[in-house]
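Listed below are the residues making up each chain.
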Amino acid sequence: MSSPDSDEKYLVRAIRAEEWPAVKALRLRALRDPIAHLAFLETYEDAAAKPDSFWQERAAKASTGETGVRQFVAQGPDGEWVGSVTVLLEEAGTTDWAGFPVERRQGHLVGVYVRPEHRGCGLTEVLFDEAVQWAWAIGVERIRLIVHEDNGRAQRFYRRVGFLPTGRTVPLAGKPGETELEYALERP
Ligand SMILES: CC(C)(COP(=O)(O)OP(=O)(O)OC[C@H]1O[C@@H](n2cnc3c(N)ncnc32)[C@H](O)[C@@H]1OP(=O)(O)O)[C@@H](O)C(=O)NCCC(=O)NCCS
């Protein structure tokens, strides 16, 4: 657990299974973001239609990390959830969601979101650091993420914390002409 050096009002930590209503609420909030169409593959309508059992299962799986998934959140001073990132463990020799082979044991960061009023203050770095440190601790060789080519703010943030474009691109299913870029951080 850690707090941004510049501002002690936040707490960054892994989620607990029983917190599934907060997992759901923050995800739905993220999917209402003005750039959600660039940031996330899922739509608000699809997520909102999912039953409670979906969110319960998602939170339970992502709470311990034992299933190769761990979700981290940032809490504000009143305890409200203001940001999140999830690490997926991808084993070498498997195939990823886009059908590409996974060559090395790696972490994949997904669901990156910080509420607008908490952006640009250093919180996102601390949230990322928690996720990255956990991924190194479970022995991955690299950490990657996928970002839309038009999501300039996210790309700039990723570069600032050390992620670099790998040159790999992923065409967006159902959105002809749109491309996502792979960024990665190599193990130090
Ligand atoms: C992506 C996100 C987590 C980044 O966190 P953040 O707190 O906004 O990041 P920061 O403000 O610390 O850094 C963003 C950088 O982009 C710059 N920036 C701001 N708006 C920008 C824009 N429209 N285009 C390009 N750069 C922009 C900032 O000035 C800052 O630059 P700096 O590194 O020189 O200071 C957050 O913006 C967010 O939740 N966005 C919506 C969801 C999303 O896009 N998720 C990523 C999916 S891959």
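The structure this text deals with has already been given above.
Being a predicted model, the structure only gives us computed values, none of them experimental. (Residues numbered from 1 in each chain as written. Predicted model: local features only at pLDDT ≥ 70, side-chain atom pairs only at ≥ 80, totals over all residues.)

## Structural notes on the overall build of the protein chain
For step 1, the next point in the chain: Of the regular secondary structure elements, the protein chain holds six helices and seven strands.
For step 2, the next point in the chain: Reading the protein chain from its N end, one meets helices and strands in the order β-α-α-α-α-β-β-β-α-β-α-β-β.
For step 3, the next point in the chain: In terms of overall size, the protein chain behaves like a compact globule, its C-alpha atoms giving a radius of gyration of 16 Å where 188 residues would be expected to give roughly 16 Å.
For step 4, the next point in the chain: With respect to the principal axes defined by its C-alpha atoms, the protein chain has extents near 40 × 40 × 30 Å.
For step 5, the next point in the chain: Taking contacts inside the protein chain between residues at least 6 apart in sequence as the whole, the part at least 24 apart equals 59%. (Helix = DSSP H or I, 4+ residues; strand = E, 2+ residues; numbered from the N terminus. Rg over C-alpha atoms; globule rule 2.2 N^0.38 Å. Contact = placed C-beta atoms within 7 Å.)

## Description of the site of the ligand
For step 1, the next point in the chain: Among the 17 residues in the neighbourhood of the ligand, the closest are listed as Ala 39, Arg 119, Gly 120, Gly 152 and Arg 156.
For step 2, the next point in the chain: Where the shell around the ligand is concerned, the elements lending two or more residues are strand E4 (106–114) and helix H6 (152–160).
For step 3, the next point in the chain: At six residues, H6 tops the list of elements feeding residues into the shell around the ligand. (Near = placed C-beta within 6 Å.)

## What about the nonpolar core?
For step 1, the next point in the chain: Residues Ala 74, Val 85, Leu 109, Leu 127 and Ala 131 are the most contacted members of the largest nonpolar core, which totals 36 residues.
For step 2, the next point in the chain: Residue assignment for this core shows that the elements contributing at least two residues are helix H1 (20–30), helix H4 (52–64), strand E2 (69–75), strand E3 (81–90), E4, helix H5 (123–137), strand E5 (142–148) and strand E7 (179–186).
For step 3, the next point in the chain: Among the elements that take part in this core, H5 stands out by supplying seven residues, more than any other.
For step 4, the next point in the chain: Leaving out residues up to four positions away in the same chain, Ala 74 has contacts with Tyr 10, Val 12, Val 82, Gly 83, Leu 123 and Leu 127. (Core = buried A, V, L, I, M, F, W, Y, C linked by C-beta atoms within 7 Å. Buried ≥ 20, exposed ≤ 12 C-beta atoms within 10 Å, placed from the backbone.)

## Thoughts on the environment of Leu 31
For step 1, the next point in the chain: Topologically, Leu 31 is positioned in the loop between H1 and helix H2 (36–39).
For step 2, the next point in the chain: Owing to 19 C-beta atoms within 10 Å, Leu 31 belongs among the partly exposed residues under this scheme.
For step 3, the next point in the chain: In the structure, Leu 31 is positioned 10 residues away from Leu 41 in sequence and 9.5 Å away in space, judged by C-alpha atoms.
For step 4, the next point in the chain: Setting aside anything within four residues of it in sequence, one finds Leu 31 in contact with Ala 36, Phe 40, Glu 42, Thr 43, Tyr 44 and Ala 47.

## Brief notes about the packing of H1 against H4
For step 1, the next point in the chain: Interhelical geometry of H1 versus H4 gives an angle of 105° and a closest axis separation of 8 Å. One finds that H1 runs roughly perpendicular with respect to H4. Residue-level inspection shows Trp 20, Val 23 and Lys 24 of H1 in contact with H4, the latter providing Trp 55, Gln 56, Arg 58 and Ala 59.
For step 2, the next point in the chain: Its residues assigned to classes, the contact of H1 with H4 comprises four nonpolar, one polar and two charged. (Axes fitted to C-alpha atoms, helices over the stretch in contact; angles between N-to-C directions. Parallel < 35°, antiparallel > 145°, perpendicular 65-115°, else oblique. Nonpolar A, V, L, I, M, F, W, Y, C, P; charged D, E, K, R; others polar.)

## Considerations on the sheet that holds strand E6 (residues 164–171)
For step 1, the next point in the chain: Overall, mixed pairing links the seven strands, which are arranged E1-E2-E3-E4-E5-E7-E6 in an open sheet. The two strands at the open ends of the sheet, each matched to only one other strand, are strand E1 (11–14) and E6. Across the sheet, the axes of successive neighbouring strands diverge by a mean angle of 25°, strand direction being ignored.
For step 2, the next point in the chain: Across the sheet, H4 touches E1, E2 and E3, and the angle it forms with E2 is around 90°. (Pairing = 2+ DSSP bridges.)

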